[in-house]
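These are the residues of each chain, in order.
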Amino acid sequence: MALAIKDKVVLVTGGARGIGAGIVATLSDAGARIMVADIGIQNSSANEWNYALAGEDEIDQLRKRHPQIGTCHVDVTDPESCVAAVQTTVDQFGQLDVLINNAGIVDSGPIETFKVDVWDKIFAVNSKGIFLMAQAALPHLRKTENPCIVNTASIAGKQGYPNMAAYCGSKFAAIGITQSLAAELAPQNIRVNAICPGMVGTAMWLEHLLPSNATSDSQKEAEFTESMAQTIPLGRPQTPEDMGDAVLYLINAVNVNAIALTWYKDPLLYF
Ligand code: NAI
């Protein structure tokens, strides 16, 4: 059976680096046509990247392998920006088959001193962004064969952690939104699923959260890789490309709906 992904048009938010870039790489390798939409991309007409936000190496490598990858700016917290990114995708590729809501941010801290504006921003990107992008994409998804949405939730959407109320709350919401949209849109043949990564060694963690006494970035990264592996049943770290494999499965598995795929050690958390 031919893979459903071949020639599909996929919009990946937060696709400029980390897990998003891994998803872009995997789906491009599988034959999809990709629009990378990210707040780190300056503007759609110039196709320019803001290297301060988006990893230069990841982008250069992706573009060498897949020069046809499209790029555009999006801020998933802004309804007009979401509509514009979807329109850019349809203008460039003629259709939109798959929406990957992957953009996300993280911060942590004790609840009593946690800043209200940071709380709001985390929910705006991680939860409301899914709603806004889905709203913008649905009129186009409806026109294609076997359309679907895949949301990057998190293990933090299934389990709480100290100092992580905002992030966990926003990711629990992401799973709730996934399951609600899956039920609502199934009669229209639009599937909605989520992936729930455990810890993946991306800049998000290395920049914001990693407690470490390491003196160099490489030492910090090595420490993190080791600590990550211990949280995964297979005992080896997850990569952004592994997340791409899961997303690819969810796109191709045309009868799979309303699931949240998880990698983590606590077996009670699998479903
Ligand atoms: P990252 O920080 O490396 O990449 C996130 C991307 O989202 C960046 O390119 C950033 O520019 C973009 N972005 C941020 N705010 C945006 C906005 N308002 N509009 C559009 N784009 C925006 O992070 P990473 O680790 O690749 O995370 C990707 C997703 O995976 C996030 O949703 C995150 O919460 C989730 N996740 C990450 C885990 C990890 O261990 N790294 C574990 C579980 C989930």
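Conventions and cut-offs
Residues numbered from 1 in each chain as written. Predicted model: local features only at pLDDT ≥ 70, side-chain atom pairs only at ≥ 80, totals over all residues. Heavy atoms only, no water. Phe/Tyr/Trp six-rings, centres within 6.5 Å; stacked < 30°, edge-to-face > 60°. Helix = DSSP H or I, 4+ residues; strand = E, 2+ residues; numbered from the N terminus. Buried < 20%, exposed > 50% of the residue type's maximum accessible area, 1.4 Å probe, protein only. Near = heavy atom within 4 Å. Polar contact = N/O pair within 3.5 Å; in protein donor to acceptor, adjacent residues only side chain to side chain. Areas by Shrake-Rupley, 256 points an atom, 1.4 Å probe, with all protein chains shown as cover. Salt bridge = Lys/Arg side-chain N within 4 Å of Asp/Glu carboxyl O. Axes fitted to C-alpha atoms, helices over the stretch in contact; angles between N-to-C directions. Left-handed = near helix turned anticlockwise from the far one by under 90°. Contact = heavy atoms within 4.5 Å. Nonpolar A, V, L, I, M, F, W, Y, C, P; charged D, E, K, R; others polar.

Engineer: It is not clear to me how the packing of aromatic side chains should be interpreted in this structure. Could you clarify?
Structural biologist: In this description, a pair of aromatic rings is defined by centroid distance and the angle of the planes. Summed over all chains, the structure comprises two aromatic pairs. Ring plane angle 85 degrees and centroid distance 6.3 Å describe the contact between Phe114 and Trp119, whose orientation is recorded as edge-to-face. Considering the side-chain rings of Trp119 and Phe123, the 5.3 Å spacing of their centres and the 20 degrees angle between planes classify their relative orientation as stacked. Here Trp119 pairs with Phe123, and both are found in helix H4 (residues 116-141), just four residues apart, close to one helical turn. Taking relative accessible area as the criterion, Phe123 reaches 24% and is therefore assigned partly exposed. Connected via pairs of aromatic rings, a cluster forms that spans Phe114, Trp119 and Phe123.

Engineer: For this particular structure, what's the right way to read the site of the ligand?
Structural biologist: Near the ligand you find 27 residues, and of these Asp38, Tyr167, Val200, Thr202 and Trp205 are the closest. One of the side-chain nitrogen or oxygen atoms of Asp75 is found 3.0 Å away from a nitrogen atom of the ligand. Within the backbone of Asn102, a nitrogen or oxygen atom sits 2.9 Å from an oxygen atom of the ligand. A total of 820 Å² of accessible area belongs to the ligand in isolation, and the protein chains cover 96% of it. Contributing elements (two or more residues each) for the shell around the ligand: helix H1 (18-29), helix H5 (165-185) and helix H6 (203-208).

Engineer: Is there a simple way to think about the pattern of salt bridges in this case?
Structural biologist: Charged atoms that come close allow side chains of opposite charge to pair. Under the defined criterion, the tally for this structure stands at three salt bridges. The salt bridge involving Asp97 is made with Lys8; its shortest N-O contact spans 3.9 Å. One end of the pair, Asp97, is in the loop between helix H3 (79-93) and strand S6 (98-101); the other, Lys8, is in the segment before strand S1 (9-13), and 89 residues separate them in sequence. Residue class for Asp97 comes out buried when judged on its relative accessible area of 2%. Lys8 sits in the buried class, given a relative accessible area of 11%.

Engineer: Can you walk me through the packing of H3 against H4 in this structure?
Structural biologist: The description of two packed helices rests on the angle between their axes and on the distance between the axes. Two elements in contact, H3 and H4, have axes whose closest approach is 8 Å; the angle formed by their N-to-C orientations is 35 degrees. Considering only the axes of H3 and H4, their crossing is right-handed. Counting all contacts with H3, which are made through Pro79, Cys82, Val83, Val86, Gln87 and Val90, the residues of H4 involved are Leu132, Met133, Ala136, Ala137 and His140. Of the residues contributing to the contact of H3 with H4, the split by class is nine nonpolar, two polar and no charged.

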